[in-house]
Every structure is written in structure tokens, then in C-alpha cells.
Amino acid sequence: MNKKYQVNKKNIVNPFHFSTSLLGLFFLLVACAIVLNTTPSMATAEDVKTDIINFSLTQMGSDAQGKIVELNSFKDNNMVMTFWSPGCPHCLHELEMLDQLSSLMPPMLNIKFVLITYDYSAQKESMPEEVRNVITSMEKKYHVLGATDDAVFSAYHISGVPHNFFFNNGKLMGEVSGAMEMESLRDKALEYFGINLY
């Protein structure tokens with residue numbers, strides 16, 4: 001065995017000194033990790049969620065006549081943008097909650113409700129009557145937009161519906177995944193749009 005690694009009582013390292021050295025190295029590595037870790041836990045503008053990602057989508061409804069709407073056209077407004085699906089019962093409930101929310105919000109907020117789904121125009125007549133009634137009502141009141149592929153869903157990292165985004169002048173203030181009841185939805189909207197009613 002190489003002499004360098006032979007056990008010699010005179011050269012035995014004090015365990016306390018060794019553990020202290022390791023502890024110092026550990027804290028040094030932690031400090032470096034903190035300094036070098038520049039990736040925030042929330043999404044950034046380079047990722048997805050700080051600005052509206054523009055898409056050209058089709059306005060749904062018999063009166064819309066295939067009008068194309070740019071998401072960027074809402075960048076100067078307060079906006080609730082909801083991803084949903086006609087075949088999702090929780091989504092239909094969410095649409096009704098959003099309808100109630102629109103009547104509860106202070107008029108000065110001038111909130112635009114933008115409801116994004118797949119283009120369902122070819123399937124609408126075969127949908128159950130209660131589903132058609134909810135959708136038709138929303139088409140007349142809000143911006144119901146249809147996508148022909150999943151690009152907009154992918155861009156906004158949608159893994160399930162309903163999913164709500166709250167924008168103020170094009171800046172994302174917050175988002176909520178999953179269905180919400182009226183009180184929670186109202187409180188979130190007031191929080192994200194900076195309104196305190198209490």
C-alpha cells in the first residue's frame with residue numbers, strides 16, 4: 001500500500017475538524033446554489049405567463065359569422081380568460097359562475113370575459129339541449145373563441161379544464177386551475193384586479 005494512505009497515528013485526522021470542514025463546504029455550496037439559481041418558481045415572460053400570448057381564434061356563435069379575434073386585442077383591458085370544454089360538466093358550471101361574476105364586478109373594471117375552447121361549431125347541434133342553451137347564452141354575452149388545434153392550449157400550459165387566467169392590461173395577475181364556486185371566484189377576481197370591497 002502506498003505510504004501516503006497508510007494509517008499513522010500521528011497523521012489521523014481529528015473527526016471534529018473533518019466534520020467542520022464538510023459543514024463549511026456544505027454551506028458554501030448552498031450559498032453558490034442560491035446565487036446561481038436565477039430561475040424563479042413562477043413562469044416568466046420567456047416561459048408563458050407574464051403576458052398575453054397572442055393567437056387568432058374564431059368567434060363562436062351564429063351572429064359571429066366566423067369573425068377572427070386576436071387575443072392581443074384585449075391587452076388594454078382587465079380580462080378573465082377561461083379555458084373550457086363543452087363536454088365538461090365542471091366547465092359549464094364555471095361558465096355560469098363567470099356569468100354571475102360579471103354582474104357582481106364594479107363597472108369601472110370593465111372586465112372582458114374571454115372563453116376559449118375547441119371549435120365546436122360542427123358538433124353544436126348534436127349536443128344536449130341544456131349544454132346548447134348554456135353555450136348560446138354565453139356566446140351572446142361574451143367572447144367565446146374556438147381553436148382549431150391545441151396550440152393555444154399548449155402555449156398556456158393547459159393540462160385540465162376549467163382553467164382561469166386574470167390579466168390586467170396584458171399582464172398576468174394570477175391563475176386558478178379547476179372549478180371554483182362563486183365566492184372564491186369573486187374574491188380571486190377582486191384580489192387580482194386590486195379592488196377591496198371590505
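Up top you'll find the structure we're talking about.
Residues numbered from 1 in each chain as written. Predicted model: local features only at pLDDT ≥ 70, side-chain atom pairs only at ≥ 80, totals over all residues. Heavy atoms only, no water.

### Comments concerning the overall build of the protein
Our working rule: Helix and strand assignments come from DSSP, with helices taken as H or I runs of at least 4 residues and strands as E runs of at least 2, each series counted from the N terminus. Contacts were defined at the residue level, with two residues in contact if any of their heavy atoms lie within 4.5 Å. Residue exposure ignores everything except the shown protein chains as possible cover, and the areas themselves are Shrake-Rupley values with a 1.4 Å probe.
When helices and strands are counted, the protein shows five helices and seven strands. When its helices and strands are written in sequence order, the protein yields α-β-β-β-α-β-α-β-α-β-β-α. Long-range contacts, defined as pairs at least 24 residues apart, comprise 69% of the intrachain contacts of the protein with a sequence gap of at least 6. Surface exposure of the protein reaches about 12,300 Å², of which carbon and sulfur atoms provide 56%.

### Thoughts on the packing of aromatic side chains
The description of an aromatic ring pair rests on the distance of the ring centres and on the angle between the ring planes. We apply this condition: Two rings from Phe, Tyr or Trp (for Trp, the six-membered ring) form a pair when their centres are within 6.5 Å of each other. A pair whose planes differ by under 30 degrees is stacked, one over 60 is edge-to-face, and the rest are tilted.
Tallied over the full model, the rule gives ten aromatic pairs. Here the aromatic cluster, defined as three or more aromatic residues joined through ring pairs, consists of Phe-83, Tyr-118, Phe-153, Tyr-156, Phe-165 and Phe-167.

### A few points about the pairing of strand E6 (residues 163-168)
Let me state the cut-off plainly: Think of it in three bands: with a 1.4 Å probe and only protein chains considered, a residue is buried below 20% of the maximum accessible area for its type, exposed above 50%, and partly exposed in between. Two strands pair under a simple rule: DSSP has to find at least two bridges between them.
Burial of E6 is extensive: five of the six residues sit out of reach of the surface. The pairing of strand E3 (residues 78-83) with E6 spans six bridges and is antiparallel. Counted as the bridge partner of Phe-83 is His-163 from E6. Here E6 pairs with strand E7 (residues 171-177) via six bridges, running antiparallel.

### Considering the packing of helix H2 (residues 89-104) against helix H3 (residues 129-141)
For clarity, the threshold we go by: Whenever a helix is involved, its axis is fitted only over the stretch in contact; in every case the axis is a line through C-alpha atoms, and angles between N-to-C directions fall within 0 to 180 degrees. A clockwise turn of the near helix away from the far one marks a right-handed crossing, whereas an anticlockwise turn of less than a right angle marks a left-handed crossing. Gly counts as polar in this scheme, as do all residues outside two lists: the nonpolar Ala, Val, Leu, Ile, Met, Phe, Trp, Tyr, Cys and Pro, and the charged Asp, Glu, Lys and Arg.
At a minimum axis distance of 11 Å, the contact between H2 and H3 shows a crossing angle of 35°. H2 and H3 meet at a crossing whose hand is left-handed. Touching Leu-92, Leu-95, Glu-96 and Asp-99 of H2 are Val-131, Val-134, Met-138 and Lys-141, all from H3. Of the residues in the contact of H2 with H3, the class split is five nonpolar, no polar and three charged.

### Observations regarding H2
For clarity, the cut-off: By definition here, a helix of n residues has an expected span of 1.5 Å times n minus one.
The end-to-end C-alpha distance of H2, which contains 16 residues, comes to 23 Å, matching closely the 22 Å that a straight helix rising 1.5 Å per residue would cover. Within the sequence span of H2, burial applies to Cys-91, Leu-92, Glu-94, Leu-95, Met-97, Leu-98 and Leu-101. Where H2 is buried, its residues meet E3, strand E4 (112-118), H3, E6 and helix H5 (182-192).

### Overview of the packing of H2 against H5
Under the convention used in this document: Under this scheme an angle from 65 to 115 degrees is roughly perpendicular, one under 35 degrees roughly parallel, and one over 145 degrees roughly antiparallel; angles in between are oblique.
Where H2 meets H5, the axes come as close as 10 Å, and the angle between the chain directions of the two elements is 55°. The orientation of H2 with respect to H5, classified from their angle, is oblique. H5 is crossed by H2, and the crossing has right-handed handedness. Along the contact surface, H2 presents Glu-94, Met-97, Leu-98, Gln-100, Leu-101 and Leu-104, while H5 presents Met-182, Leu-185, Arg-186 and Ala-189.

Function-wise, these values are silent; they only describe arrangement.
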